[in-house]
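Coordinate inspection notes
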Amino acid sequence: MAEALSRRLEAKSLAGVLILAGGLSTRMGSPKALLKLPSGETLLDYHVRSAAQLGVPILIADNEQGFATQVETVGSFISYIQDYQPQTQSTNPEADSKHSAGPLGAILAGMQGLLAGNESKWLLVVSCDSLVNSFDIWQYLVEKKAQSLTVITDDKDSAQPQMYCLADNERDYPLLALYQLQLAEPLKAYLDSGERRVMRFISPMSQSVSMPQEWYTLSNLNTPEQFQIACQQL
C-alpha cells in the first residue's frame, strides 16, 4: 500500500491549483477574496502567493467578478477561468441566476483547462473562505503519504476516479481537496443533469483526510468574526 501511495502523490502528479474566489459572501458582507490580512495583502493574493510555491499553473475562478491579483510568480502561470455552464438548468432557478453551477462548475472548468496534453493526475482546489492554503495542503498530504497514515489506492486498485478532501471532526471540506482530472467527464454529466450539490457528487468517490487541529478555525470562514479569529491564529 505504501508503494501505491508513493506513486500517487509525487510532485509531478500535481497538474495545477484552482483558487475558488467567486462565492457570494452573503454573511461576510464583502467579497472574501478581497479581505485584508494583517500583512496587508488580500486573501486572494495570499492564496496565489502560496500556490506559486508549487510551481504549477494557478487557475482563478472568481465568477467573472474581476478580482485582480498583485502577486508576480516565477514558474507558475496564472489564468482566470470561466465556470462551466451546464446544458440543463438546475432544479433551483435562483441558484442558476446567482451563481451558475456553483463551485462544481468552477472545478469542472479547471479540470477541462488542464486535461489537454497533461500527464499529471491531480487538481488541488482551495477556497477563499479559508486560510488553509494550497502549499500547506500539498505538503501535508505528501507527509501523510510518507507516513502511510492515509489510504490512497493506485489507479489499478480503483474502479473509478477518486478525490480526497480535508476533514475536521465534524465535516468534510470538498473545497479544500484533491480531485483527479479524470472526474471531468462524470462531473460534466452530473451538472448537465441539473444537479449542483457538491456532497452528493463526491460521496461515492471521496476519501476524507483528517486535517491538523490547528487548521479547524482557519477553515470555512463565513463571518467577519470568524475571519478575525483566523487572522489572529495565522
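These numbers were taken from a predicted model, which means no experiment stands behind them. (Residues numbered from 1 in each chain as written. Predicted model: local features only at pLDDT ≥ 70, side-chain atom pairs only at ≥ 80, totals over all residues. Heavy atoms only, no water.)

Turning next to the overall build of the protein chain. Of the regular secondary structure elements, the protein chain holds eight helices and seven strands. In the protein chain, buried positions account for 53% of the 234 residues. Restricting to contacts in the protein chain with at least 6 residues of sequence separation, those with at least 24 account for 72%. For the protein chain, the accessible area works out to roughly 11,100 Å², and carbon and sulfur atoms hold 49% of it. (Helix = DSSP H or I, 4+ residues; strand = E, 2+ residues; numbered from the N terminus. Buried < 20%, exposed > 50% of the residue type's maximum accessible area, 1.4 Å probe, protein only. Contact = heavy atoms within 4.5 Å. Areas by Shrake-Rupley, 256 points an atom, 1.4 Å probe, with all protein chains shown as cover.)

Moving on: the pattern of salt bridges. The final tally for this structure, using the stated rule, is four salt bridges. Note that lysine 188 and aspartate 192 form a salt bridge whose closest N and O atoms lie 2.9 Å from each other. Here the residue lysine 188 and the residue aspartate 192 both occupy positions in helix H6 (residues 184–192), the gap between them amounting to four residues, near one helical turn. Its relative accessible area of 28% is what places lysine 188 among the partly exposed residues. You can call aspartate 192 buried: its relative accessible area is 14%. Linking arginine 197 and glutamate 195 is a salt bridge whose minimum nitrogen-to-oxygen distance equals 2.9 Å. (Salt bridge = Lys/Arg side-chain N within 4 Å of Asp/Glu carboxyl O.)

Let's shift gears to unusual backbone geometry. Note on backbone geometry: most residues besides glycine have negative phi, and most peptide bonds are trans. You will see that glutamate 64, though not glycine, has its phi angle at about 60°, which is positive. Within the element layout of this structure, glutamate 64 appears in the loop between strand E2 (58–61) and strand E3 (78–80).

Considering every residue of the protein chain, the mean pLDDT works out to 84; 82% of them sit at 70 or more. Taken together, the stretch residues 94–99 has pLDDT below 50 and engages in eleven contacts with residues farther than four places along the chain or on a different chain. Below a pLDDT of 50 lies the segment residues 148–157, which in the model reaches 27 contacts outside its immediate sequence neighbourhood of four places, other chains included. (pLDDT = per-residue confidence, 0-100.)

It is worth spelling out the nonpolar core at this point. Core analysis: the biggest nonpolar cluster contains 43 residues, and Leu44, Leu131 and Ile137 have the highest contact counts within it. Mapped onto this core, the elements with two or more residues apiece are strand E1 (14–20), helix H2 (43–52), E2, strand E4 (122–127), helix H5 (134–147), strand E5 (163–167), strand E6 (172–180) and helix H8 (224–233). If you tally residues by element for this core, the top one is H2, at six residues. For leucine 44, the contacting residues outside a window of four places in its chain are Ile19, Ala21, Ala33, Ile60, Phe67, Ala68, Thr69 and Cys128. Formed by 31 residues, the second largest nonpolar core is a distinct cluster that contains Ala109, Met111, Leu181 and Ala184. (Core = buried A, V, L, I, M, F, W, Y, C linked by side-chain atoms within 4.5 Å.)

Strand order in the open sheet formed by seven strands is E3-E2-E1-E4-E6-E5-E7, and the pairing between neighbours is mixed. Because the sheet does not close on itself, it has two edges, and the strands there are E3 and strand E7 (206–210). Direction aside, the axes of adjacent strands within the sheet are offset by 25° on average. Pairing between E1 and E2: four bridges, direction parallel. Paired with leucine 20 across the two strands is alanine 61, which belongs to E2. Packed on one face of the sheet, H2 meets E1, E2, E3 and E4 and runs near 160° to E2. Docked against the sheet, helix H4 (residues 102–115) engages E1, E2, E4 and E6, running at close to 150° with respect to E1. (Pairing = 2+ DSSP bridges. Axes fitted to C-alpha atoms, helices over the stretch in contact; angles between N-to-C directions.)

Moving on: H8. Residues Phe227, Ala230 and Cys231 constitute the buried set of H8. For H8, the angular spread of buried residues about the axis comes to 100°, placing them on one side. Those residues of H8 that are exposed and aimed more than 90 degrees away from the buried face are Glu225 and Gln232. (Arc of directions from axis to C-beta.)

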